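Results of the structural survey
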Amino acid sequence: MSSKRDALGLVLLGRESFVVSAVIILGLLLSLVMLAVTGADLGEAIPALLSGAVGDARAFEETLHQSVPIMFVGLGVAIGLRAGLFNIGGEGQIYVAALAGITVSQWLPIDVPVLAVALLLVVGIIAGGVWGAAAGWMRAYMDMNEVITTILLNGIGFLLASWAIHGPLRDREGGGFPWSEKIGEPFRLPVLDVGPLTMPSGFLLALCAAIIVWIFLDKTVIGVELRTLGDNHDAAAYAGARVPLLVIVAMACAGALAGVGGVVELSGNQERLSDFFSPGYGFTAIAVALVGNARAGGVVMAALFFGALTAGASSMERIAQVPASTSLVAQAIIVALLVVARSERLGRWVRARRQLAAALDGQVA
Amino acid sequence: MGPTHKPAPGSHLLALADIWKRYDATVALSGASLEIERGEIHALLGENGAGKTTLMNVLDGITRPDSGTITWSDTEVEIDSPKRAASLGIGMVHQHDRLVPALAVWENIALAVGSSFRISRNEIAEHLTELTERYGGVIDPDALVSDLSVGERQWVSLLRALAGDVKLLVLDEPTSTLTPIERDRLFAALRHYRAAGLSVIFITHKLDEVFALCDRVTVMRGGETVSTVDVASTTQAQLVQSMVGRPVDTDFDRAPSERGEILLQVDSLSVQGARQTIVELDLEVSRGEVVGIAGVDGNGQGELIEVICGVREAAEGTVIFGDETHGWHHGRAASVARIPEDRHRHGLALGLPLWENVHLGRFRNRGLVRNGFLNRRGAHEASEAMLEAFDVRCSGPDQPSGELSGGNQQKAVLARELSDDPDLVVAMNPCRGLDIGAARFVLDQLVAVRDRNGGVLFVSYDLDEILAISDRILVMASGRIAGELKPGPDVIEQIGLLMGGAEIGVNAQ
Amino acid sequence: MDAVIELFISTAFVASTLRLAVPLMLAATGEVISERAGILNIGLEGMMLVGAFTAVIGADLTGSPWLGAIAGAAGGAALASIHGVIVIRWAGDQVVSGLALNIGALGITTYLSRKILGTGQTEVAHFEPVNIPILSDLPFFGPTVFGQSPFFYFAIAMAGLLSWVLFRTRLGLAWRSAGEDPDALDSVGVSVARTRWTALLVCGAMAGLGGASISLAQLFTFIENMTGGSGFIALALVIVTRWRPLWAVGVATFFASADALALRIQALDVVAIPFQISLMIPLVLTLIMYGFAARAGRSPSALGRSWLKS
């Protein structure tokens, strides 16, 4: 059924995936051109990039690690986009959730791993959800654009976490580094051995989240209402949906997913909270959601791609001394090209060409 | 076809000859023509959809014709942009003003007049005073356009058009939103204008104005020019005949209506609309009847339907469904079906598949929800049946509704709204933009509702439709019900007169 | 009590207020013009960052801070023109385009600054404060208020100039129409695209200068991500200014005073507030100001909606 195909984002033969692939390839090429023009040695850089992403089991594990937080946050951004809202607040939501997570883990040092992790996830959902709902409320009732409010909340969330890191949560025996203690053992998400590969369990959780999001958007009444809101604001109101509530729910869901991403990153990868906990996951997640066309399946694939890109870029910096910020440039070019690809003008051009072709084929009734 | 004699040199200011314009499958203009002499006020008469606006868009350079010629002062010209039209000396005053609401009057005038870098409020205010002295009216140059009444805005648009070096003034339905006093002032201004040797094209559907003001009149119908005559040598009846044309297709076989209980009662409704104010309007719809509201666009029908559907607030009055009073704020009564005017804005979520659209807002009512989860299989099956019943041509319930043709989209909306056998149907221009087959289908559906003892409130700008299915016809003009008629011989004339502002019959005033 | 007085009534407080206000004034004024014409410019932060960077490069290459400032303006305008191609020419989504530009600006300035300037911090030719004769001899605040960097005087002058253009010239009228009702503007024969382009480029140049004011008049070098979010704050402040260029001066100053206050509280250790919390104060203040303004104000009607001639 086409809705299944659509929901899983595996529209391999459809036009959208062709466009996205073309944009990605073009974006990467332009980034490489930029590197070459500014004197980087492509002969060293490209192999380093590739080996860092998929070269061996370690690289592959790193790619998966990098893709986990952006998959979670990307799913959140995707829910927002389907409802017509922009959640730029991933950064703040990650920090707030991770902060809440490590704090709760210290207050309630549970011994049983399954319970501990479950508690952590719940905390992440609530903390991130509240942070997202705040922006949602401001949009629904105060008419405050969520792009601006989420960005401001990012700053506030980060500062909150930073204060705690430098203050009450600081690791006394940390050798003077400003970071928190490691999160307790039972709370950590293990890395699993899957055949020749090592896979972070957080990755499996992220896949579960993707499935849940897919079910939520496609198979529940609220999902239909959210998608109607994003498609046609008037039709949603007309169909009896309570729009302000929907807005808050959508932003809360987006925040909750980002929050889970934050705690999973905490317990499954970094194990501590520090000022550099999120190197821009919130923003990369936006690119992920856009490339994935706000569909669960697309987000999964886009997250893997950008995760690989990030892993490869840091290896590129280590080995070939090409700054890793190149990946940011690549992201920006890809997103900019996507905006053009989905722009009104291009859409009209395509429609006009189609009509012309149809007219040339014979009279259209 | 109108006369196609070669104009005597020097007498014609403007001649549009044999203009054709197609939009995909629709022919908007089929060989239309128009000749304007110097120093005349020339009426352009026709129903909605007759082609008047398209012809004027050609004249104003907004639309390029497929073929035909435009002659200005005996020279053939091409008008490819509004700037070109303006440089020739053509000034347009559109029906819906093209002013920027957030700016002041003087700023709006400055936008269209002059070319200096600095703009001086005082200079323009002086210019404005000159114009108002010559043509009348009192306008505060510093007032924001959004604070002006519709009539005042029209006046500002007119003054703006007159501010340049204009030889031909084109007014599109200028009086549909004016009070009688404003209208008289406008006529005085136009006569003044004519006396100076300049010309006016006056587009209208109001017959009394044609006779009160104009020298000659051209009637358009179906994209063609039907006739051009001197006003002095024709009658209202003849003009109506030319406008409406062929006899109405009344092969809707219906039993005479038996009115039952009242389903909808509107009492003393007053609404402040953007374009039209409704004042103390009453109407009733009962079981077993189709009530048709006839009238020209812009007389309050849209606002009325929006209030009834709960999308707009009324200043005063009540809307009562069955025996529930909703004041003017009605929620979604399950047994009221709404077929909105603009199916894109209010009806369908174009990106969503048909099966979801067809149940929009009604999942719970139809028992398709369990614990928050959609019964997708059930909804899907139900939608198949519904789409089939309403003849929606599509590739399946999964097709995104945006891909369907206009007619099929409208049928999908019908499927959604009518499948639950609603008691009352409120439909606003449901056949707009549809081909004959689809339009006929829609009308059949409405009649079917009435036949199974439901009630229908049906608003249309197309007189033929109203005449085809209405049991009672209300004519709406200037925000009021101007009269109530029953279908029969001569009813067309009466409707035309009522629409044009004459007042006869019930609910006069 | 003395400490509280010292907090406010001090030349140091006024000095840091004005210093912090300058980049916000420049960026906010530019954004006011852009939004008046209907273009939402989320990429303001990126334009400031690029401007800061090109200004340093320019000053480094030419040895003149003035040429560096011009380079800063050019850098901001260059990034703005990318935004323009996407949202004006192609009528693409304004928000996403802006976000992409921010990320791209961060990436490219970080990358190039490492390549060109190395990882150390090289100090470049910069601006010394300019003392306005006579006025700077006024008692108390004379030297402070009238002894600011040239960017300060420029920001105020530009706010005045742009205000005049916006309200008293045909160009400004076109800008305002493009932001309220582009169809109406189009119907009188004025090019909406060209109108929006000029507004956007003005905004880019001003944002670039805002960034330059940080790198050439405050820190005297380029540091990665040195704009630190001021572009986003400026975006929120624009709403408080009710889209009036002259108000941008006042709003930016008010906001900067809160920022300076937070720093003073830190420095003077008046109350023991951790420095992250004091950094939060400006952000929370912005949210509150935005909250009030969003309810009361009315943005240009066509803001953020890309428009194509139909």
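Residues numbered from 1 in each chain as written. Chains lettered and ligands numbered in written order. Predicted model: local features only at pLDDT ≥ 70, side-chain atom pairs only at ≥ 80, totals over all residues.

Observations concerning the overall build of chain A
What chain A contains, in helices and strands, is 15 helices and 2 strands. Its C-alpha atoms give chain A a radius of gyration of 21 Å, near enough to 21 Å, the size a compact globule of 365 residues would have. Overall size of chain A, expressed as C-alpha extent along the three principal axes, is 80 × 60 × 40 Å. Burial statistics for chain A: of 365 residues in total, 57% are counted as buried. (Helix = DSSP H or I, 4+ residues; strand = E, 2+ residues; numbered from the N terminus. Rg over C-alpha atoms; globule rule 2.2 N^0.38 Å. Buried ≥ 20, exposed ≤ 12 C-beta atoms within 10 Å, placed from the backbone.)

Details of the overall build of chain C
A count of helices and strands for chain C gives 13 helices and 0 strands. When the helices and strands of chain C are placed in sequence order, the string is α-α-α-α-α-α-α-α-α-α-α-α-α. By the compact-globule yardstick of 19 Å for 310 residues, chain C fits well, its C-alpha radius of gyration being 19 Å. When the backbone C-alpha atoms are referred to their principal axes, chain C occupies close to 65 × 45 × 40 Å. For chain C, long-range pairs separated by at least 24 residues make up 77% of all intrachain contacts whose partners lie at least 6 apart in sequence. (Contact = placed C-beta atoms within 7 Å.)

Some details on the interface of chain C and chain A
Listed by partner, the interface residues are 41 residues for chain C and 35 residues for chain A. Residue assignment for the side of chain C that touches chain A shows that the elements contributing at least two residues are α5 (94-117), α11 (230-240) and α13 (275-296) of chain C. The residue inventory of the side of chain C that touches chain A, partitioned by class, reads 27 nonpolar, 10 polar and 4 charged. (Nonpolar A, V, L, I, M, F, W, Y, C, P; charged D, E, K, R; others polar.)

A few points about helix α4 (residues 57-82) of chain A
All names here are of chain A. With 26 residues, α4 ought to run about 38 Å at 1.5 Å a step, and its terminal C-alpha atoms sit 36 Å apart, in line with that. Along α4, the sharpest change in direction is near 25° and occurs at Ser67; proline Pro69 comes one to four residues later. For α4, a buried count of 21 out of 26 residues is recorded, marking the element as mostly surrounded by other parts of the structure. Positive phi shows up at Gly84, right after α4, with a value of about 85°. (Expected span 1.5 Å × (residues − 1). Bend = angle between axes of the 7 residues up to and from the residue.)

Regarding the sheet that holds strand β7 (residues 168-172) of chain B
Residue and element names in this part refer to chain B. Here we have 6 strands laid out as an open sheet, ordered β6-β7-β8-β3-β9-β10, and mixed in their pairing. Here the strands that pair on one side only, and so sit at the sheet edges, are β6 (90-93) and β10 (224-230). On average, adjacent strands in this sheet sit at an angle of 20° to one another, irrespective of strand direction. Both strand β3 (residues 41-45) and strand β8 (residues 199-204) contribute to a ladder of 5 bridges, which runs parallel. (Pairing = 2+ DSSP bridges. Axes fitted to C-alpha atoms, helices over the stretch in contact; angles between N-to-C directions.)

Quick look at the environment of B:Val459
Residues and elements named next belong to chain B. By secondary structure assignment, the location of Val459 is in strand β20 (residues 455-460). Taking the number of C-beta atoms within 10 Å as the measure of exposure, Val459 has 25 and is therefore buried. Linking Val459 and Glu47, residues 412 residues apart in sequence, is a C-alpha distance of 16 Å. Contact partners of Val459, with chain neighbours within four places excluded, come to Ile293, Gln301, Ile305, Ala427, Met428 and Asn429.

A closer look at the packing of helix α8 (residues 236-244) of chain B against helix α16 (residues 491-499) of chain B
Residues and elements named next belong to chain B. Look at α8 against α16: their axes get within 10 Å of each other, and the N-to-C directions meet at 105°. Relative to α16, the element α8 is oriented roughly perpendicular. Contacts between α8 and α16 involve Ala237, Val240 and Val244 on the former and, on the latter, Ile492, Glu493 and Gly496. The residue makeup of the contact of α8 with α16, split by class, is 4 nonpolar, 1 polar and 1 charged. (Parallel < 35°, antiparallel > 145°, perpendicular 65-115°, else oblique.)

Points about the packing of helix α3 (residues 105-112) of chain B against helix α4 (residues 121-135) of chain B
All names here are of chain B. Two elements in contact, α3 and α4, have axes separated by 10 Å at closest approach and are oriented at 90°. For the element pair α3 / α4, the angle class is roughly perpendicular. Across the interface between the two elements, Trp106, Ile109 and Ala110 of α3 pack against Arg121, Ile124, Ala125 and Leu128 of α4.

Focus on unusual backbone geometry
Residues and elements named next belong to chain B. Phi is positive for Glu280, close to 45°, though the residue is something other than glycine. A positive phi angle, near 45°, is found at Asn429, a position not held by glycine. Within the fold, Asn429 resides in the loop between β19 (424-428) and α14 (436-451).

So, α11(C)
Within α11(C), 11 of the 11 residues are buried, leaving the element largely enclosed by the surrounding structure. Of the surrounding secondary structure, the elements contacted by the buried residues of α11(C) are α7 (146-166) of chain A together with α2 (11-36), α3 (44-62), α12 (245-268) and α13 of chain C.

Here we look at the sheet that holds strand β16 (residues 336-339) of chain B
Residue and element names in this part refer to chain B. The strand order across the open sheet formed by 6 strands is β16-β19-β20-β13-β21-β22, and the pairing between neighbours is mixed. Bordering the open sheet on either side are β16 and β22 (480-485), each of which pairs with just one other strand. Between one strand and the next, the sheet's axes are offset by a mean angle of 15°, whatever the strand orientation. One ladder, built from 6 bridges, connects strand β13 (residues 289-294) with β20; its direction is parallel. Directly across from Val291, in β20, lies its bridge partner Leu457. Most of the contacts of α16 go to strand β21 (residues 472-477), to which it runs at about 25°, and overall it touches β13, β21 and β22.

Regarding the environment of C:Met48
Residue and element names in this part refer to chain C. Its location among the elements puts Met48 in helix α3. Put simply, Met48 and Pro143 are 95 residues apart on the chain and 28 Å apart in space, counted from C-alpha to C-alpha. Not counting residues within four places of it along the chain, the set of residues in contact with Met48 comprises Pro23, Ala27, Gly76, Ala207, Gly210, Gly211, Thr227, Ser230 and Gly231.

Notes on the confidence of the model for chain C
Here chain C averages 88 in pLDDT, while 94% of its residues score no lower than 70. Complex prediction metrics read pTM 0.84 and ipTM 0.87. (pLDDT = per-residue confidence, 0-100.)

What to know about the environment of B:Leu352
Examined against the element boundaries, B:Leu352 turns out to sit in the loop between α10 (343-347) and α11 (354-357). Here the alpha-carbon distance between B:Leu352 and B:Thr225, two residues 127 residues apart in the chain, equals 43 Å. Those residues in contact with B:Leu352 that sit more than four places away from it in its chain are A:Arg227, A:Thr228, A:Asp231, B:Asn357, B:Pro400 and B:Ser401.

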